[in-house]
Amino acid sequence: MIPITRFAPSPTGFLHIGGARTALFNWLYARRYGGRFHLRIEDTDRARSTPEAVEAIFAGLQWLGLTWDGEAVFQFARAARHAAVAHFLLERGLAYRCYCTPAELAAMRESARQAGRPAGYDGRWRDRDAGETPAGIAPTIRLRAPRAGETIIDDLVQGRVRVANEQLDDMVLLRADGTPTYMLSVVVDDHDMGITHVIRGDDHLTNAFRQSQISQAMGWEAPRFAHIPLIHGADGAKMSKRHGALGVEAYRVGFLPEAMRNYLVRLGWGHGDAEIFTTEQAIAWFDITDVGRGAARFDLVKLTALNAHYLREADDARLVKHIRPLLETLLGGPMEDRGLDRLRAAMASLKVRARTVTELAEAALFYVRPRPIPLSDTARQQLAACDPAFLAELAALIAAHAGPWTARGLEENFRLLAEGKGLALGKLAQPLRAALTGATISPPLFEVMHILGQEETRARLNDVMRKEGNI
RNA sequence: GUCCCCAUCGUCUAGAGGCCUAGGACUCCGCUCUUUCAAGGCGGCAACACGGGUUCGAAUCCCGUUGGGGACGCCA
């Protein structure tokens, strides 16, 4: 069977990390078996759905590279079809009108709970005559669900799960205002869209029982279900929009999409000892039946480690482009071409030292800062502890540097000086590093000097000497 | 309260009865390399929740306990 999957978020907030993984699994499964992956926006909650959230979902999926087939389906637009299905069931006697008020239902739930019974609707309108209908109350339409027996789901992840039908109540299909409920809409849309595999969070597992009852009533074959475990936060509880989850856009600045994909797919799924692999490999290896049943915790530290890896692998020009806006924000203005040239030259050794794009930008900042560059506290201390005469000596060496201004040539020169004075190379490298980068840690010093150029190097050292001399 | 699901190092996982004195990754700690910091290389700490079965043999199968999670809406 060629799978047709779907990701069906409700646009009531950002696309959160758990939703992103659900989308990823659906996408992976469809790709793996040459099927199709659809996007359906479940916007039937008119009060809470927003166009901004729809945009956030589109943007989040696009960022992750999870392209969907065809046009996104907006569920609300199909409300008439959903209502028609409800009426069809009503006519067949497979559904009925219920005239309970919300207050009555609340009281029902309360007393059921007190009595230790399942807290659902008791079916009091299930078999009443039409003549008994109260005036002035708009009814809902409820499914006439089976009362005996059990409903069984053969879940691709959870295995065979069964529940006694007496645990399930007669769910509302159509609200009093005539709009369909989620439960109905999902079943109708999945059917109409030809969805073969419903891959979603296992918070929907109990919904699957109800949905399969609707399918049954309509005489439709229910899709295969695969309920994947939720992602939990660091506290071990469900991560959701309502509970501490961040939207994927919160990660877009600092993380690479390939890192996020790799991280997310490893949450609940693995392929032997494989830790770092391409999306193509993931597609080739992925199978929904291999997904584990235990919930996984979201671990930012590991995501960061993965991101560091992908940062090192990433193309230099791409990263320069990526950090440019961050840098311009830090700088408070546009960057000169000269700065871009420096970044391109420096990126190779900058990127191996950063774990996030944000860190990368911060570490790159000294290259593009206008003089005099600010010094960190530790850099300042190192410089203050330095004999001004020594700094002058370094400056002289720089000014007098003959031959090509290359990392290698500079290193040779400074090694000679160090040897002549009986000093370790670090003794002269550190004050220079502090002066040129404003920090005590940086990419290799002679590379920095090379990229900065002789003039800038000389000037930065001078800045420091003047200031130190004035102390 | 009722129902459902889950349970291997701190975290993510490998493991589908003997290959397990339980493997990998992240974290942490050493060592190495080294002009700083990284990266790299080498090494280390660290787990089958507990109790019963089944079996010649169980991390792997069954039952129970405990712990965790989820669902119980005219939300999705």
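About the cut-offs
- Residues numbered from 1 in each chain as written.
- Chains lettered and ligands numbered in written order.
- Predicted model: local features only at pLDDT ≥ 70, side-chain atom pairs only at ≥ 80, totals over all residues.
- Heavy atoms only, no water.
- Helix = DSSP H or I, 4+ residues; strand = E, 2+ residues; numbered from the N terminus.
- Expected span 1.5 Å × (residues − 1).
- Bend = angle between axes of the 7 residues up to and from the residue.
- Buried < 20%, exposed > 50% of the residue type's maximum accessible area, 1.4 Å probe, protein only.
- Contact = heavy atoms within 4.5 Å.
- Polar contact = N/O pair within 3.5 Å; in protein donor to acceptor, adjacent residues only side chain to side chain.
- Axes fitted to C-alpha atoms, helices over the stretch in contact; angles between N-to-C directions.
- Parallel < 35°, antiparallel > 145°, perpendicular 65-115°, else oblique.
- Left-handed = near helix turned anticlockwise from the far one by under 90°.
- Nonpolar A, V, L, I, M, F, W, Y, C, P; charged D, E, K, R; others polar.
- Pairing = 2+ DSSP bridges.
- Phe/Tyr/Trp six-rings, centres within 6.5 Å; stacked < 30°, edge-to-face > 60°.
- Lys NZ or Arg CZ within 6 Å of the ring centre and 35° of its normal.
- Near = heavy atom within 4 Å.
- Right-handed = clockwise from strand over helix to strand, strands pointing away.
- Salt bridge = Lys/Arg side-chain N within 4 Å of Asp/Glu carboxyl O.
- Core = buried A, V, L, I, M, F, W, Y, C linked by side-chain atoms within 4.5 Å.
- pLDDT = per-residue confidence, 0-100.

Peer 1: How should helix α11 (residues 316-331) be read in this particular structure?
Peer 2: Because the α-helix completes a turn every 3.6 residues, residues three or four places apart line up on one side. Relative to the 22 Å expected for 16 residues at 1.5 Å per residue, α11 spans 21 Å between its end C-alpha atoms, a close match to the ideal helical length. If you look at α11, its biggest bend is around 35 degrees, right at R324, and the proline P325 turns up within four residues after that. Burial in α11 covers these residues: L319, V320, I323 and L327. On the buried face of α11, the contacting elements are α10 (300-313), α12 (337-351) and α13 (357-368). If you check the start of α11, you find a side-chain oxygen 3.2 Å away from the backbone N of A317, and it comes from D315. Within two residues after α11, G332 carries a phi angle of roughly 75 degrees, on the positive side.

Peer 1: What is the right way to look at the packing of α11 against α13 in this model?
Peer 2: Two numbers describe a pair of packed helices, the interaxial angle and the distance between the axes. Their axes nearest at 9 Å, the elements α11 and α13 cross at an angle of 70 degrees. Here α11 is positioned roughly perpendicular relative to α13, judged by the angle of their axes. Relative to α13, α11 is oriented so that their crossing is right-handed. Contacts from L319, H322, I323, L326, L327, L330 and L331 in α11 reach V357, T358, L360, A361, A364, L365 and V368 in α13. Counted by class, the contact of α11 with α13 contains 12 nonpolar, 2 polar and no charged residues.

Peer 1: How do you make sense of the sheet that holds strand β3 (residues 73-74) when you look at a structure like this?
Peer 2: Hydrogen bonds between backbone atoms are what pair the strands of a sheet, whose relative direction is either parallel or antiparallel. Strand order in the open sheet formed by 3 strands is β1-β2-β3, and the pairing between neighbours is parallel. In this open sheet, the two edge strands, each paired with only one partner strand, are β1 (4-7) and β3. The strands touched by helix α1 (residues 17-32) are β1 and β2 (36-41); relative to β1, the strand with the most contacts, the crossing angle is about 165 degrees.

Peer 1: Would you mind showing me how to read the environment of Y263 here?
Peer 2: Its place among the elements puts Y263 in helix α8 (residues 257-265). Judged by its relative accessible area of 4%, Y263 falls in the buried class. For the pair formed by Y263 and K302, sequence separation is 39 residues and the distance between their alpha carbons is 7.8 Å. Beyond its immediate chain neighbours, meaning those up to four positions away, Y263 contacts R297, F298, D299, K302, L303 and L306. Within the structure, Y263 has its side chain in polar contact with the backbone nitrogen of D299 (distance 2.7 Å).

Peer 1: I'm lost on the packing of aromatic side chains in this one. Help?
Peer 2: The geometry of an aromatic ring pair is captured by two quantities: the separation of the ring centres and the angle between the planes. Here the structure, examined in full by the defined rule, presents 12 aromatic pairs. Aromatic side chains F277 and W285 sit 5.4 Å apart centroid to centroid with 65 degrees between the ring planes, which places their arrangement in the edge-to-face category. W285 gets classed as partly exposed once you look at its relative accessible area, which sits at 26%. An aromatic cluster is present here, built from F25, W269, F277, W285 and F286 joined pairwise through their rings. If you follow R32 out to its NZ or CZ, it ends over the ring of Y33, 4.5 Å from the centre. Sitting above the plane of the W125 ring, R128 keeps its charged end 3.9 Å from the centroid.

Peer 1: Sorry if this is basic, but what is going on with the protein's contact with RNA strand B here?
Peer 2: Neighbouring RNA strand B are 68 residues, the closest being R175, G268, E275, R353 and R433. At the protein interface, 67% of the atoms of RNA strand B within 4 Å belong to sugar or phosphate. One of the side-chain N or O atoms of T206 is found 2.6 Å from a sugar or linking oxygen in RNA strand B. Interatomic distance of 3.3 Å between a side-chain N/O atom of N207 and a base nitrogen of RNA strand B. With 5 residues, the single largest contributor to the surface near RNA strand B is helix α17 (residues 425-437). In terms of residue class, the surface near RNA strand B is made up of 26 nonpolar, 19 polar and 23 charged.

Peer 1: Please explain the pairing of strand β9 (residues 197-201) as it appears in this structure.
Peer 2: Regular strands place side chains that alternate from one sheet face to the opposite one. Extensive coverage of β9 is indicated by the burial of 5 of its 5 residues. Across 5 bridges, β9 lies against strand β10 (residues 224-228) in parallel orientation. Each residue of the ladder has a partner; that of R200, found in β10, is H227. Handedness of the crossover is the feature at issue here: the chain leaves β9, passes through helix α6 (residues 205-218), returns alongside β10, and the resulting connection is right-handed.

Peer 1: What is the right way to read the pattern of salt bridges from this model?
Peer 2: Once their charged atoms are close, side chains differing in charge can pair, the charge on each being opposite to the other. Evaluation of the coordinates by the stated rule reveals 32 salt bridges. When the shortest N-O distance is used, the salt bridge between R210 and D169 registers 2.1 Å. Placement of R210 in helix α6 and of D169 in the loop between β7 (159-164) and β8 (172-174) is noted, with a sequence separation of 41 residues between them. The exposure class of R210 is buried, given its relative accessible area of 19%. Note on D169: relative accessible area 15%, which makes it buried.

Peer 1: Sorry, what's going on with the nonpolar core here?
Peer 2: By size, the foremost hydrophobic cluster in this structure holds 104 residues, and its most contacted members are I288, Y367, F414 and M449. Here this core takes 9 residues from α1, the largest share from any one element. Other than its neighbours up to four places away in sequence, F414 contacts L394, L397, I398, L425, L428, L432, F446 and M449. M171, L184, V187 and W220 belong to the second-largest nonpolar core, a separate cluster that totals 19 residues.

Peer 1: Looking at this structure, I do not really get the side chain of D189. What am I missing?
Peer 2: By secondary structure assignment, the location of D189 is in helix α5 (residues 182-192). Polar side-chain contacts of D189 include one of 2.8 Å to the side chain of Q75. The contact partners of D189, leaving out residues within four places of it in the chain, are R40, Q75, R78 and H82.

Peer 1: Explanation requested: the confidence of the model for chain A in the structure shown.
Peer 2: Residues shown with low pLDDT carry predicted positions that ought not to be read at fine detail. On average, residues of chain A score 92 in pLDDT, and 98% of them are at 70 or above. When pLDDT is averaged over each element of chain A, β1 comes out on top at 98 and helix α19 (residues 454-470) at the bottom at 83. Predicted as a complex, the structure gets a pTM of 0.93 and an ipTM equal to 0.94.

Peer 1: Explain the sheet that holds strand β4 (residues 95-98) to me, please; I cannot follow it from the model alone.
Peer 2: Strand order in this open sheet of 3 strands is β4-β5-β8, and the pairing throughout is antiparallel. A strand with exactly one partner marks an edge of an open sheet, and here the two such strands are β4 and β8. Pairwise comparison of adjacent strand axes, ignoring direction, gives a mean angle of 45 degrees for this sheet. Direction of pairing for strand β5 (residues 140-143) relative to β8: antiparallel, over a ladder of 2 bridges.

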